[in-house]
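Structural description and commentary
One-letter residues, chain by chain:
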Amino acid sequence: MLEQNVHHCLARADLASATVQGFCDPQFRPLLDAFIANFEQDVELGASLAIEWHGRTVVDVWGGKADLESGRAWKQDTVGVVFSNTKAATALCAHMLADAGDLDIDQPVARYWPEFAAQGKGDVTVRMLLDHTAGLPALREMLPDGAAFDWAEMTRRLAAEAPWWKPGTSVGYHGLTFGWLVGEVVRRVSGQSLGSFFAAQVAQPLGMDFWIGLPQSEEPRVATIVPAKPAAAPRNAFEQAISHEPQSISALYFRNTGGWRPSGFNSRRGHAAEIGAAGGITNARALARMYSPLAMGGERDGVRLLSEQTLLRATQVSSATNEDMCLLVPTRFAAGFMRSMDNRARGLDSAAFGRDAFGHVGAGGSLGFASPRHRVGFGYTMNHMGHGVLLNSRADRLLAALDEVMTAADSAA
């Protein structure tokens, strides 16, 4: 009866530009309405939304176009690049190694990666890599095209790089470097590549369509990313730095990407590479499934990702600043996860997804997080990028709907 009600609920979701399909528990109807509104009122092209609540799926919907040029529809099994949502998956791998006793995130990186001690980095800890305080948010020397897809080359360059600040004293988003830094620690400790470790220890046990390094066999399912239309003029300090300060951290992070931006994320070599900061390929269903056990103390359906003690250490705020050295907005990080960044009162880009929650945003506006208070695992992915360095109106609309549902649930309890 529930499924019949849901399909009746979805029957009106045929839009001029998109058809929304899937499953939605009637209690979560405001989420479906918000998802549809993103197509009707916003820049949505193709997208997926999923929510797990107390370990069960209550929303799993998708719709729109996976590729604008061909008109290919976004289907149930469509996946796409989720940019910095990948950081949480990479961090999870490190914390699983810590949980097993193989890695101590408060020990120097050089204990596991001796070459990293160069240029005064001997005291940089693994935690500093995870919480964006290590001082390596960008490389100074311009990268040749294709460097981003060469793991050995990127880790060699980062090991030889000098920090931009005294490690541990400032916060600066390690937008692309995070993946090679944390991923190399995972590789050195586990003896497996980052993508292989994640597949074996996380994606396969949870039955997720989530890859850090996509196999050729899955390529036909990938949605095409459509970048946001450039603004006529810089809209904030970050964009100002990119436009007018070419040697700044912000500009080098954004432009010195070794071929990843702007074309790499729609290329086969970009999909195949293990880019642990930004190259993960998945959908909302898998993001919600990854966060669901973390929202419930580290375990779901007999699959334990982390012990409660390790989960607490991984997700408590360990760095915060009023002006991030890279993003130039206030930021708050745990060890590899974003914590809620509500800068709305100051008119700045925000990621306000709940004070108790931890997760990550992805460039253009995608989002995944766990809310232990509500025992929610949340995932939202899309292929039309929006403006800003954190979230935009589409995710904000979904979050407002989720807050409405959770408030009602709390009142009824």
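Note: the structure precedes this text.
The text that follows walks through the structure, step by step, so that each part is easy to find. (Residues numbered from 1 in each chain as written. Predicted model: local features only at pLDDT ≥ 70, side-chain atom pairs only at ≥ 80, totals over all residues. Heavy atoms only, no water.)

To continue, consider the pattern of salt bridges. Within the structure shown, the criterion is met by 23 salt bridges. Residues Glu 52 and Arg 300 are paired through a salt bridge, measuring 2.8 Å at the closest nitrogen-oxygen approach. Highlighted residues: Glu 52 in strand S2 (residues 46-53) and Arg 300 in strand S6 (residues 299-300), separated in sequence by 248 residues. Arg 300 carries the same exposure label as Glu 52, and that label is buried. Between Arg 344 and Asp 342 there is a salt bridge, with the nearest N and O atoms lying 2.7 Å from each other. Among the charged side chains, a network of salt bridges with common partners joins Glu 52, Arg 289, Arg 300 and Asp 301. (Salt bridge = Lys/Arg side-chain N within 4 Å of Asp/Glu carboxyl O. Helix = DSSP H or I, 4+ residues; strand = E, 2+ residues; numbered from the N terminus. Buried < 20%, exposed > 50% of the residue type's maximum accessible area, 1.4 Å probe, protein only.)

What follows is about the pairing of strand S12 (residues 366-371). Summarising burial for S12: six of the six residues are buried, a large majority. On S12, burial covers both faces: Ser 366, Gly 368 and Ala 370 on one face and Leu 367, Phe 369 and Ser 371 on the other are all buried. Of the strand pairs in this sheet, strand S11 (residues 358-362) and S12 are connected by five bridges, and their pairing is antiparallel. Directly across from His 360, in S12, lies its bridge partner Gly 368. Counted between consecutive antiparallel strands, the loop separating S11 from S12 contains three residues, among which Gly 364 sits at a positive phi close to 95°. Hairpin connection, S12 to strand S13 (residues 376-382): the antiparallel pair is bridged by four residues, and Arg 375 has positive phi, about 55°. (Pairing = 2+ DSSP bridges.)

What follows concerns the nonpolar core. If you look at soluble globular proteins, the nonpolar side chains tend to sit buried side by side. With 78 residues, the main nonpolar core has Leu 129, Phe 198, Met 208, Trp 260, Met 290, Leu 294 and Leu 305 as its most contacted residues. Elements that contribute at least two residues to this core include exactly helix H3 (85-99), helix H4 (126-130), helix H5 (151-160), helix H6 (177-190), helix H7 (194-206), helix H11 (284-295) and helix H12 (308-315). Considering each element in turn, this core owes the most residues, nine residues, to H3. In contact with Met 208, not counting residues within four places along its chain, are Phe 198, Val 202, Ala 203, Ala 286, Arg 289 and Met 290. One finds Val 59, Phe 238, Ala 357 and Ala 395 within the second-largest nonpolar core, a separate group that totals 52 residues. (Core = buried A, V, L, I, M, F, W, Y, C linked by side-chain atoms within 4.5 Å. Contact = heavy atoms within 4.5 Å.)

As a further point, take the packing of aromatic side chains. One pass over the full model with this rule turns up 14 aromatic pairs. On the basis of an interplanar angle of 75° and a centroid distance of 5.7 Å, the ring pair of Trp 260 and Phe 265 is categorised as edge-to-face. You can call Trp 260 buried: its relative accessible area is 2%. Arranged with centres 5.5 Å apart and planes meeting at 70°, the rings of Phe 337 and Phe 358 form a pair that is edge-to-face. With Phe 337 in the loop between strand S9 (331-333) and strand S10 (338-339) and Phe 358 in strand S11, this pair connects stretches of sequence that are 21 residues apart. Using a relative accessible area of 2% as the deciding quantity, one classes Phe 358 as buried. Ring pairing ties together the aromatic residues Tyr 173, Phe 238, Tyr 253, Phe 254 and Phe 333, which thus form one cluster. Residue placement shows Lys 121 over the ring face of Phe 116; its charged tip is 4.9 Å from the ring centre. When the ring centre of Phe 254 is taken as origin, the NZ or CZ atom of Arg 261, which lies over that ring, is 4.3 Å away. (Phe/Tyr/Trp six-rings, centres within 6.5 Å; stacked < 30°, edge-to-face > 60°. Lys NZ or Arg CZ within 6 Å of the ring centre and 35° of its normal.)

Quick look at the environment of Val 186 now. On the secondary structure map, Val 186 appears in helix H6. The buried category is assigned to Val 186, whose relative accessible area is 0%. In this structure, the C-alpha to C-alpha distance between Val 186 and Ala 94, residues 92 residues apart in sequence, is 5.8 Å. If sequence neighbours within four positions are ignored, Val 186 has contacts with Thr 90, Cys 93, Ala 94, Leu 97, Gly 191, Gln 192, Leu 194 and Phe 197.

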